[in-house]
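# Survey of secondary and tertiary structure
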Amino acid sequence: MSRFVLEKSEEGLRLTDTFVRQHPLLIDFSSGHFAHRLKNITVKKELIARAAGAKSLAKVLDCTGGLGRDAFLLASLGCCVTMIERSHVLAFLLEDALKRALRHPELGDIAMRINLLAMDARYYLSRMDVVPDVIILDPMFPDRKKSAKVKGDMQIVQRFLGKDEDVMALFDSAMNTQCPRVVMKRPLYDKSKLPVKPTNTMLGSSIRFDIFLR
Ligand SMILES: C[S@@+](CC[C@H](N)C(=O)[O-])C[C@H]1O[C@@H](n2cnc3c(N)ncnc32)[C@H](O)[C@@H]1O
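Calculation notes
Residues numbered from 1 in each chain as written. Predicted model: local features only at pLDDT ≥ 70, side-chain atom pairs only at ≥ 80, totals over all residues. Heavy atoms only, no water. Near = heavy atom within 4 Å. Polar contact = N/O pair within 3.5 Å; in protein donor to acceptor, adjacent residues only side chain to side chain. Helix = DSSP H or I, 4+ residues; strand = E, 2+ residues; numbered from the N terminus. Buried < 20%, exposed > 50% of the residue type's maximum accessible area, 1.4 Å probe, protein only. Pairing = 2+ DSSP bridges. Core = buried A, V, L, I, M, F, W, Y, C linked by side-chain atoms within 4.5 Å. Contact = heavy atoms within 4.5 Å. Axes fitted to C-alpha atoms, helices over the stretch in contact; angles between N-to-C directions.

This paragraph deals with the site of the ligand. With respect to spatial proximity, 21 residues lie near the ligand, and among them Leu 67, Asp 70, Glu 85, Ala 121 and Asp 138 are the closest. Contact distances for the ligand include 3.0 Å between a nitrogen atom and a side-chain N or O atom of Asp 120. Contact distances for the ligand include 2.8 Å between a nitrogen atom and a backbone N or O atom of Ala 121. Mapped by element, the contributors of at least two residues to the shell around the ligand are helix 3 (69-76), strand 4 (80-85) and helix 7 (153-161).

What follows is the structure in structure tokens.
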């Protein structure tokens with residue numbers, strides 16, 4: 001039997017790590033802490049929104065879909081988001097979550113503003129014909145310090161995907177477009193230097209956003 005199992009349940013599609021006693025991963029934008037965060041969202045409160053310069057109808061390209069949270073937060077603020085995810089398993093989970101959100105009375109309008117693409121963002125960026133207002137990059141970094149350990153659902157994603165080894169290549173691809181704003185999100189403990197100095201940096205309690213303006 002393989003370690004990770006992707007299966008349909010009554011609640012939706014879910015991913016189980018059979019080696020670890022932890023709830024399976026099921027992406028759900030309508031419950032828990034995330035739903036609460038959505039209900040009270042403002043640009044001022046959300047660092048990602050400020051870093052992205054979020055405003056209604058802004059075209060956002062999220063190159064690192066993951067659990068879809070950043071994309072969903074930005075769409076809830078009126079942005080039109082293209083979300084790219086290269087792991088087909090994650091993309092299936094996201095697709096399933098977006099379908100459920102579309103049927104949800106309060107989340108349907110938000111989910112409608114998100115277009116999910118299952119592919120490598122570097123491929124998309126090299127052929128992109130519509131220039132977005134902002135590109136968001138939030139790759140997987142190794143979990144180094146105990147204090148900075150990723151929480152909850154992200155733990156299973158980290159075990160399943162490991163570290164993204166081509167972060168710099170993705171960054172270069174984003175910077176080589178005509179996009180006026182590129183935002184890189186990374187943990188505070190990651191001290192690696194990017195090849196370009198950011199125009200601005202916003203610090204959170206465990207993450208930083210480096211903002212590159214053209
Ligand atoms: C840390 S997670 C992103 C979390 C996401 N921002 C959220 O709010 O849930 C990183 C994700 O980016 C994806 N990823 C990394 N490099 C990528 C690339 N070049 N193209 C598409 N997806 C990529 C990984 O597969 C992983 O699912």
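Within a regular beta strand, the side chains point alternately toward one face of the sheet and then the other, so they alternate between its two faces. Taking every second residue as pointing to the same face, both faces of strand 6 (residues 134-137) are buried, with Val 134 and Ile 136 on one and Ile 135 and Leu 137 on the other. Of the pairings in the sheet, the one linking strand 3 (residues 59-62) to strand 6 comprises 3 bridges and is parallel in character. Bridge assignment links Val 60 to a residue of strand 6, and that residue is Val 134. Here strand 6 pairs with strand 7 (residues 181-187) via 3 bridges, running parallel. Note that in strand 7 the partner of Ile 135 across the bridge is Val 182.

What tends to happen in soluble globular proteins is that the nonpolar side chains get buried as a cluster. Within the largest apolar cluster, 46 residues are counted, with the highest numbers of intra-cluster contacts made by Leu 25, Ile 27, Phe 29, Phe 72, Leu 74, Val 81 and Ile 136. Broken down by element, the residue count for this core peaks at 6 residues, all from helix 4 (residues 88-103). Sequence-distant contacts of Leu 25, that is, excluding residues within four places in its chain, are made with Leu 13, Arg 14, Leu 15, Leu 67, Leu 93, Asp 153, Ile 156 and Val 157. Residues Ile 84, Leu 125, Leu 137 and Met 184 belong to the second largest nonpolar core, which totals 19 residues.

A sheet is described by the order of its strands in space; here 7 strands give the open sequence 5-4-3-6-7-9-8, paired in mixed fashion. Strands at the two margins of the open sheet, each flanked by one partner only, are strand 5 (114-118) and strand 8 (200-203). With strand direction ignored, the average angle separating the axes of adjacent strands in the sheet is 20 degrees. Judged from the 5 bridges that link them, strand 4 and strand 5 form a sheet pairing that is parallel. Across the sheet, the residue bridging to Thr 82 is Asn 115, located in strand 5.

These results come straight from atomic positions and should not be treated as a statement about function.
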